[in-house]
Amino acid sequence: MADETYVKYSRALSFRRVDAHHDAALLIRFGRDLYRRSLGKEGAFYRDYGRYGVNFPVWIGTCASANPAFAKFLEEDGAEIGLVVLGFDERDRDIGRVHHFYVTPDHRGQGFGGILDDYARDVLKDAGAHRARLNVTARNRRAIRFYQAQGWAEKERRGGLIFMETRL
Ligand SMILES: CC(C)(COP(=O)(O)OP(=O)(O)OC[C@H]1O[C@@H](n2cnc3c(N)ncnc32)[C@H](O)[C@@H]1OP(=O)(O)O)[C@@H](O)C(=O)NCCC(=O)NCCS
């Protein structure tokens, strides 16, 4: 008789609110890697966020205090595997901003970015935005392909950056 052993495997995904103080070390680790992927080096991370990158979690904390849904970790079985940071355009609240999408290296290429993108669209739409914008470095080809596949369109290129937009 055949072996009837049945193994069920499912992954529990959830979003967790970022606590800028408690999660500071993890946020800095994610931020450093994000800059490495975007620019090929981490130096600009310390230039933008100060020594040890301490201002990165502080800044994400301000996004979370504007709206708790604007800064979330994506967790798989309780472990952080992604980060999404959102906001509004400073001059036009019709326009939502995706400040960061980040998936940890060993979870890339498995569709988790699409879950972050769906989340961002829902949250920004619920918050009242009708369009969303982001920018990506021109050298980050994989991220650009990802955005195009998710329906983002290039609007402008300036200073090594590509500005992209989507309707919500
Ligand atoms: C960009 C990013 C958010 C996309 O998320 P994702 O979960 O990897 O998205 P997908 O699963 O749809 O895969 C995206 C592409 O990476 C490819 N990929 C496959 N294996 C991969 C791996 N091990 N690592 C990275 N990308 C991989 C996918 O095949 C896909 O390429 P394709 O469009 O040519 O098919 C994620 O890769 C990431 O966090 N990158 C580093 C940080 C970054 O660049 N963020 C954006 C800054 S603007």
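If you're wondering where the values come from, they're calculated on a predicted model, not measured in any experiment. (Residues numbered from 1 in each chain as written. Predicted model: local features only at pLDDT ≥ 70, side-chain atom pairs only at ≥ 80, totals over all residues.)

Notes on the overall build of the protein chain
Operational definition: For the purposes of this entry, the term helix denotes a DSSP run of H or I that reaches at least four residues, the term strand denotes a run of E that reaches at least two, and both are numbered from the N terminus. Atoms counted for the radius of gyration: C-alpha only. Globule rule: 2.2 Å times residue count to the power 0.38. Whether two residues are in contact is decided by their C-beta atoms, placed from the backbone, lying within 7 Å.
When helices and strands are tallied, the protein chain shows 5 helices and 7 strands. Going residue by residue from the N terminus, the α and β elements of the protein chain occur as β-α-α-α-β-β-β-α-β-α-β-β. Relative to the 2.2 N^0.38 estimate, which gives 15 Å for 168 residues, the radius of gyration of the protein chain is 17 Å and therefore close to what a compact globule would have. Projected onto the principal axes, the alpha-carbon positions of the protein chain cover approximately 70 × 35 × 30 Å. Taking as baseline every contact in the protein chain between residues at least 6 positions apart, the subset at least 24 positions apart corresponds to 56%.

Details of the site of the ligand
Quick note on the threshold: Residues are counted as near a molecule or strand when the C-beta atom, derived from backbone positions, lies within 6 Å of that molecule or strand. Gly counts as polar in this scheme, as do all residues outside two lists: the nonpolar Ala, Val, Leu, Ile, Met, Phe, Trp, Tyr, Cys and Pro, and the charged Asp, Glu, Lys and Arg.
By nearness alone, 20 residues border the ligand, and Val103, Arg108, Gly109, Gly113 and Ala143 come closest of all. If you list the elements that add at least two residues to the shell around the ligand, you get α1 (24–39), β4 (95–103), α4 (112–126) and α5 (141–149). When residues of the shell around the ligand are assigned to their parent elements, the largest contribution, 5 residues, is made by α5. Split into classes, the residues belonging to the shell around the ligand amount to 9 nonpolar, 7 polar and 4 charged.

Focus: the sheet that holds strand β3 (residues 79–88)
Heads up, the condition is: Strand pairing is assigned whenever DSSP identifies at least 2 bridges connecting the two strands. Helix axes are fitted to C-alpha atoms over the stretch in contact, other axes to C-alpha atoms as well, and angles between N-to-C directions run from 0 to 180 degrees.
Judged by pairing direction, the sheet is mixed, and its 7 strands sit side by side in the order β1-β2-β3-β4-β5-β7-β6 without closing on themselves. Whereas interior strands pair on both sides, the edge strands pair on one side only; in this sheet they are β1 (13–17) and β6 (153–158). The sheet shows a mean angle of 30° between the axes of neighbouring strands, taken without regard to direction. Two strands pair when backbone bridges link them, and β6 and strand β7 (residues 161–167) are joined in this way by 5 bridges, in the antiparallel orientation. Residue pairing in the sheet places Arg157 in a bridge with Ile162 of β7. Sitting on the sheet, α4 touches β1, β2 (71–76), β3, β4 and β5 (131–137), and the angle it makes with β3 is about 35°.

Quick look at the nonpolar core
The test is simple: Put simply, a nonpolar core is a cluster of buried Ala, Val, Leu, Ile, Met, Phe, Trp, Tyr and Cys residues tied together by C-beta atoms within 7 Å. To assign burial, the other C-beta atoms lying within 10 Å of each residue's own C-beta are counted, with C-beta atoms placed from the backbone; 20 or more indicates buried, 12 or fewer indicates exposed, and intermediate counts indicate partly exposed.
Residues Ile60, Val84, Val85, Leu86 and Ala120 are the most contacted members of the largest nonpolar core, which totals 36 residues. Tallying contributions element by element places β3 first for this core, with 6 residues. Once residues within four sequence positions are removed from consideration, Ala120 is found in contact with Val84, Leu86, Val98 and Ala132.

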